[in-house]
Amino acid sequence: MPDTNLTPETLLFFAQHEAALPLYEAFAAKVCAAVGDVRIRVQKTQIAFSNRHNFAFVSFLPVRKAKERPVAYITVTFGLSYRLTSPRIDAATEPYPNRWTHHVLIATPEEIDEELMRWVAEASAFSAGKR
């Protein structure tokens with residue numbers, strides 16, 4: 001299980017979005033607990049969660065119009081072999097056949113719930129099965 005303590009890179013990533021940091025911390029802890037062997041890599045525009053391949057990301061992707069976005073939020077992105085149908089999905093695209101990318105805007109810790117974690121765990125299994 002990776003160290004979910006905040007690294008200097010993570011703190012720098014959230015430097016302009018400090019109010020969203022607790023959301024990330026809650027999400028990262030739940031991913032690590034639910035999925036197990038997870039690597040977390042902080043990149044310039046997103047934080048990637050991976051097993052053999054990346055399966056989930058945290059970013060500030062503006063998946064809603066500005067007036068519909070809360071002040072503090074994170075966007076959780078994950079991939080599945082099918083398109084999820086849920087009012088919680090803010091955007092879904094199919095960049096490759098049978099590979100759907102889903103974006104969910106998270107504004108409160110309560111939104112990091114069993115349903116979201118089930119989708120992320122499924123994305124982890126889908127990613128692990130890729131060649």
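Preceding block: the structure.
Position numbers for residues start from 1 in each chain and track the written sequence from start to end. pLDDT decides what is reported in this predicted model: residues at 70 or higher carry local features, side-chain atom pairs at 80 or more are listed and counted, and totals for whole chains, interfaces and linings draw on all residues regardless. Hydrogens and water molecules were not included; the side-chain quantities draw on all heavy atoms of the structure.

Asks: Any chance you could break down the nonpolar core for me, citing the residues and the numbers?
Replies: Ranked by internal contacts, the top residues of the largest apolar core, which has 35 residues, are Phe-14, Phe-27, Phe-49, Ile-74, Phe-78 and Leu-116. Numbering of helices and strands runs from the N terminus, with a helix taken as a DSSP run of H or I at least four residues long and a strand as a DSSP run of E at least two residues long. Elements with a minimum of two residues in this core: α2 (21-35), β2 (46-50), β3 (54-59), β4 (74-80), β6 (99-106) and α3 (114-128). Looking at this core element by element, the count peaks at six residues for α2. In this description, contact between two residues means that some pair of their heavy atoms is separated by no more than 4.5 Å. If sequence neighbours within four positions are ignored, Phe-14 has contacts with Ala-20, Leu-21, Tyr-24, Ile-47, Phe-60 and Ile-74. Throughout, nonpolar core names a set of buried Ala, Val, Leu, Ile, Met, Phe, Trp, Tyr and Cys residues whose side chains join them through atoms within 4.5 Å. Relative accessible area decides the class of each residue, using a 1.4 Å probe on protein chains only: under 20% of the type maximum gives buried, over 50% gives exposed, and in between gives partly exposed.

Asks: So what's going on with the sheet that holds β6? Which residues, and what values?
Replies: One requirement defines pairing of two strands: DSSP has to find at least two bridges between them. Taken in spatial order, the six strands make up an open sheet running β1-β2-β3-β4-β6-β5, and their pairing is antiparallel. Two strands in the sheet have a free side with no partner beyond their single neighbour: β1 (39-42) and β5 (91-96). Averaged over all neighbouring strand pairs, the angle between strand axes comes to 20°, with direction disregarded. The sheet contact formed by β2 and β3 spans five bridges and is antiparallel. Bridge pairing links Ser-50 to Asn-54 in β3. Its contacts with the sheet place α2 against β1, β2, β3, β4 and β6, and it is angled at close to 10° to β2. Helix axes are fitted only over the stretch in contact, all axes being lines through C-alpha atoms; the angle between N-to-C directions runs from 0 to 180 degrees.

Asks: Account for the side chain of Thr-77, with residues named and values stated.
Replies: Structurally, the position occupied by Thr-77 is in strand β4. For this analysis, a polar contact is any N or O atom pair within 3.5 Å, provided that within protein one partner can donate a hydrogen and the other can accept it, and provided that sequence-adjacent residues contribute only side-chain to side-chain pairs. A distance of 2.8 Å separates a polar atom in the side chain of Thr-77 from a polar atom in the side chain of His-103. Once you skip the residues sitting within four places of it in the chain, Thr-77 turns out to touch Phe-55, Ala-56, Phe-57, Thr-101, His-102 and His-103.

Asks: Give me the pairing of β4: which residues, what numbers.
Replies: Within β4, six of the seven residues are buried, which leaves it mostly tucked inside the rest of the structure. The pairing of β3 with β4 spans four bridges and is classified as antiparallel. Each bridged residue has a counterpart across the sheet, and for Val-58 the counterpart in β4 is Val-76.

Asks: I'd like a description of the pattern of salt bridges, backed by residues and values.
Replies: What counts as a salt bridge is simple: a side-chain nitrogen of Lys or Arg found within 4 Å of a carboxyl oxygen of Asp or Glu. In total, this model carries four salt bridges according to the counting rule given. A salt bridge links Asp-113 to Arg-88, with the nearest nitrogen and oxygen atoms 2.8 Å apart. Of this pair, Asp-113 sits in the loop between β6 and α3 while Arg-88 sits in the loop between β4 and β5, placing them 25 residues apart in sequence. Classification of Asp-113 by relative accessible area gives partly exposed; the value is 27%. A salt bridge links Arg-118 to Glu-114; the nearest nitrogen and oxygen atoms lie 3.6 Å apart. In this pair, Arg-118 and Glu-114 are both assigned in helix α3, four residues apart and thus about one turn of the helix distant. Look at Arg-118 and you get partly exposed, because its relative accessible area is 45%. The class for Glu-114 is exposed, based on a relative accessible area of 65%. Residues joined in a network through salt bridges with shared partners are Arg-88, Asp-113 and Glu-115.

Asks: Any chance you could break down the packing of aromatic side chains for me, citing the residues and the numbers?
Replies: Here a pair means two rings of Phe, Tyr or Trp (six-membered ring of Trp) with centres within 6.5 Å. Their orientation is stacked below 30 degrees between planes, edge-to-face above 60, and tilted elsewhere. Per the counting criterion, the structure on display carries eight aromatic pairs. When the ring of Phe-14 is compared with that of Tyr-24, the centres are 5.3 Å apart and the planes differ by 40°; the resulting orientation is tilted. With Phe-14 in the loop between α1 (8-13) and α2 and Tyr-24 in helix α2, this pair connects stretches of sequence that are 10 residues apart. The exposure class assigned to Phe-14 is buried, which follows from its relative accessible area of 1%. With centroids separated by 5.5 Å and ring planes inclined at 85°, the aromatic side chains of Phe-14 and Phe-60 adopt a geometry described as edge-to-face. Of the two residues, Phe-14 is situated in the loop between α1 and α2 and Phe-60 in the loop between β3 and β4; the sequence distance between them amounts to 46 residues. The class for Phe-60 is buried, based on a relative accessible area of 16%. One aromatic cluster in this structure is built from Phe-13, Phe-14, Tyr-24, Phe-27, Phe-49, Phe-60 and Tyr-73.

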